[in-house]
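Below are the chains, spelled out letter by letter.
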Amino acid sequence: MANAQTKTIYIGMNGGTMEKAYSQYVFPAFEKLYGAKVVVVPGTSSDILAKAQANKDKPQMHVMFLDDGIMVRAIGMGLCEKQRPSAALNDIYPAARFKDDMASGVSLGVTGLAYNAKMFKEKGWAAPTSWMDLADPKFKGKVVFQSVSASSFGLHGFLMFNRIQGGNDKNVEPGFKAWPTTIGPNVLEYIPSSAKISEMVQTNEAAIFPLTPTAVAALKVKGIPVEYANPKEGSVVLMVGQCVIANNSEPELAQKLAEFLLSPLAQANVLQYGSQIPTNPKAPAVGEGVGQVAAINGYMKTAITVDWESINANRPSWNARWNKTIER
């Protein structure tokens, strides 16, 4: 009987390291507590958003994880319902609470620069210190850059370059104008996601690229020789948010899952096993996690938060222009 009554909750999130950490070290505790089953629907933020949008009237998922910029879009589309008040929600960093509690941050990150440590050592190059290092002639044919139209990392890198050129999140003219004569000539390949980076570092094709400390940590665990560098102009805040999907079939259980994922226990486990930086400062850090949390807190002091409302309003035209003029 008990088996027949088990309710299933579907959660959309990134596959790979993140899915593994949650599936092995977080969801089992929730399942035991509530007699439920949690099933991951893996995909990029864009994939998950498209699925949620396609099934808006009869949602197939109950909770979804999206990168912050895409989450702001999802909220604007009416795909999320307000998260219930809870102690865990009150404990998270104020910056991790989305407007009107329509979503909450589950992990905190920043986009800065990463580099091929083996290549840098062999060439005797110093670690990068600025976003403008991407334009250094010595990296000609060695820069790998994520597509602005498909990746938050690429978008962040471009927006920081644009700021250095005198632009802002509403005006990207300076960035588009300067790119072809600065960073553009150095780019070996524009990639849709960061999946190819490990291979391109191992084949010594990639020297330098935008990435997060979390992604760098995940590559290092696999033995890929990469290091993270925090640019002097600041890195860009990149948060993974969660929201309870509006009109889902298990609203009570979905709210409980969202609350559980902000708890110190859940956040401590994904830090330890998935290098996901907690948004709840009460989450205890052990081992390498202590250093990772301290490092992020340091990066956050100079980190830039971009204006997602303006970006989302203009992004379709930026994407079209990028694809036509930069990646053609």
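As shown above, the structure is provided for reference.
Just so it is clear, the structure is predicted and the values come from calculations on it, not from any experiment. (Residues numbered from 1 in each chain as written. Predicted model: local features only at pLDDT ≥ 70, side-chain atom pairs only at ≥ 80, totals over all residues. Heavy atoms only, no water.)

**A few points about the side chain of Asp 68**
Counting through the fold element by element, Asp 68 comes out in helix H4 (residues 68-76). Sequence-distant contacts of Asp 68, that is, excluding residues within four places in its chain, are made with Phe 98, Val 237, Leu 238, Met 239 and Trp 308. (Helix = DSSP H or I, 4+ residues; strand = E, 2+ residues; numbered from the N terminus. Contact = heavy atoms within 4.5 Å.)

**Side note on the environment of Thr 111**
Examined against the element boundaries, Thr 111 turns out to sit in strand E5 (residues 104-116). It is 5.1 Å that separates the C-alpha atoms of Thr 111 and Val 236, two residues lying 125 residues apart in sequence. Residues within four places of Thr 111 in sequence aside, it is in contact with Trp 131, Phe 153, His 156, Pro 210, Leu 211, Thr 212, Tyr 228, Ser 235, Val 236 and Leu 238. At a separation of 2.8 Å, a polar atom in the side chain of Thr 111 contacts the side chain of His 156. (Polar contact = N/O pair within 3.5 Å; in protein donor to acceptor, adjacent residues only side chain to side chain.)

**Topic: the pattern of salt bridges**
Scanning all chains against the criterion turns up 13 salt bridges. The salt bridge involving Lys 282 is made with Asp 91; its shortest N-O contact spans 3.3 Å. With Lys 282 in the loop between strand E11 (277-278) and helix H13 (288-300) and Asp 91 in helix H5 (residues 87-91), this pair connects stretches of sequence that are 191 residues apart. Here Lys 282 falls in the exposed class, since its relative accessible area comes to 54%. The exposure class assigned to Asp 91 is partly exposed, which follows from its relative accessible area of 24%. Linking Glu 227 and Lys 220 is a salt bridge whose minimum nitrogen-to-oxygen distance equals 3.0 Å. Overall, Lys 220 belongs to the partly exposed group, its relative accessible area being 39%. Via salt bridges that share partners, Arg 84, Glu 252 and Lys 256 belong to a single interconnected network. (Salt bridge = Lys/Arg side-chain N within 4 Å of Asp/Glu carboxyl O. Buried < 20%, exposed > 50% of the residue type's maximum accessible area, 1.4 Å probe, protein only.)

**As for the packing of aromatic side chains**
Between two aromatic rings, the relevant description is the distance of the centres plus the angle of the planes. With the rule as written, the count across this model stands at 18 aromatic pairs. Each ring, one from Phe 158 and one from Trp 322, has its centre 5.6 Å from the other, and the planes form 70 degrees; the classification is edge-to-face. Here Phe 158 is found in helix H7 (residues 152-164), whereas its partner Trp 322 is found in helix H14 (residues 308-326), with 164 residues between them in sequence. (Phe/Tyr/Trp six-rings, centres within 6.5 Å; stacked < 30°, edge-to-face > 60°.)

**Quick notes on the nonpolar core**
Counting 72 residues, the largest nonpolar core has Ile 11, Tyr 22, Phe 27, Met 64, Phe 65, Phe 209 and Leu 261 as its most contacted members. At seven residues, the largest contribution of residues to this core is made by strand E10 (residues 236-245). Discounting chain neighbours no more than four positions away, the residues touching Tyr 22 are Met 13, Phe 27, Pro 28, Phe 65, Val 106, Leu 261 and Val 270. Grouped together as the second largest cluster of nonpolar side chains are 35 residues, Phe 145, Leu 155, Phe 158 and Ala 178 included. (Core = buried A, V, L, I, M, F, W, Y, C linked by side-chain atoms within 4.5 Å.)

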